[in-house]
Structures are given as structure tokens and as C-alpha cells.
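Observations on the model geometry
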Amino acid sequence: YVRRQAQHLVTLPQIGVMVVLGNNGWVWVCAPPKVAGSGRQETLNFSQMDVRYELVGEELRERICRVRNSLLALASQGLEVTPETILFAYEQSLSRGLAAW
């Protein structure tokens with residue numbers, strides 16, 4: 001379950017994947033958007049972003065899939081979904097050699 005948090009738009013720093021944790025229980029996983037011209041990443045103010053569709057490379061796609069699988073594992077056990085628990089499940093899947101696909 002997703003508990004109300006101070007930040008629901010989270011870019012997981014060690015992974016480089018953006019997660020939107022909805023209070024309604026919905027979760028979106030995507031590549032983090034970039035602000036045009038600055039090279040830095042933006043997670044809060046979508047109104048100032050120049051949205052462009054980009055091809056997602058295989059490495060980033062694998063990280064997104066692994067985050068998704070981590071979320072499914074947490075949800076199947078009824079555990080709280082937070083950035084910390086997502087990172088823990090992600091790292092455990094890497095250490096145990098589980099497939100991302």
C-alpha cells in the first residue's frame with residue numbers, strides 16, 4: 001500500500017528511475033524527465049518542461065522492469081511501498097540474481 005508521504009514524485013537516485021506513488025494505490029514507473037537546456041533533472045514542476053519522447057535504452061528498460069517487479073513483490077506481500085522499500089527490494093533482486101524481465 002502507498003501511505004501519504006511528503007514526496008510522491010520520486011527519482012530513485014541510485015537507480016535513475018522515476019516513480020510516481022499515487023495515494024489511490026496506483027504507481028507509475030518511468031525514465032526521469034530532463035529540463036530542456038539545463039541538463040538537470042526535474043521531478044516537481046512539469047509545467048516548465050519541454051516534453052520530448054526519447055528512445056529508452058536496454059539498460060534503462062531493464063532497471064524500469066526491475067523496479068516494477070520490486071513493486072509487484074512488495075504489493076503481493078501487503079508491504080508498504082516507499083522509496084526505501086523499493087530500493088531494498090531492487091537491491092535484493094540484484095544480489096539474488098533474479099531476472100529483470
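Figured I'd write up the structure that's included with this text. The structure presented is a predicted model; accordingly, all values stated were derived computationally and were not measured.

Among the 5 residues in strand 2 (residues 17-21), 4 count as buried, and that is most of the element. When strand 1 (residues 9-12) meets strand 2, the two strands line up antiparallel, connected through 4 bridges. Residue pairing in the sheet places Leu12 in a bridge with Val17 of strand 2. Counting the residues between successive antiparallel strands, the hairpin from strand 1 to strand 2 contains 4 residues, one of them, Gly16, with a positive phi of roughly 80°. The turn linking strand 2 back onto strand 3 (residues 27-30) is made up of 5 residues, and Gly25 within it adopts a positive phi angle of 95°.

On to the sheet that holds strand 2, then. In spatial order, the strands read 1-2-3; together these 3 strands make up an open sheet with antiparallel pairing. With one partner strand each, in any of the chains shown, strand 1 and strand 3 form the two edges of the open sheet. Taken pair by pair, the neighbouring strands of this sheet meet at an average axis angle of 20°, ignoring direction. Running over the sheet, helix 2 (residues 83-95) touches strand 1 and strand 2 and is turned about 30° from strand 1.

Thresholds applied
All residue numbers refer to position in the chain's written sequence, counted from 1. Owing to the predicted nature of the model, reporting of local features is limited to residues with pLDDT of at least 70; listing and counting of side-chain atom pairs is limited to 80 or more, with chain, interface and lining totals taken over all residues. To obtain the side-chain values, all non-hydrogen atoms of the structure were included, while hydrogens and water were left out. In this scheme, a residue with accessible area under 20% of its type's maximum is buried, one over 50% is exposed, and one in between is partly exposed, where area comes from a 1.4 Å probe on protein chains only. Elements are defined by DSSP. Helices are runs of H or I of four residues or more, strands are runs of E of two residues or more, and each kind is numbered from the N terminus. In this scheme, strands are said to pair when DSSP sees at least two bridges between them. A fitted line through C-alpha atoms represents every axis, and for helices the fit uses only the stretch in contact; the resulting angles, taken between N-to-C directions, go from 0 to 180 degrees. Note on contacts: a residue pair qualifies if any of its non-hydrogen atoms lie within 4.5 Å across the two residues.

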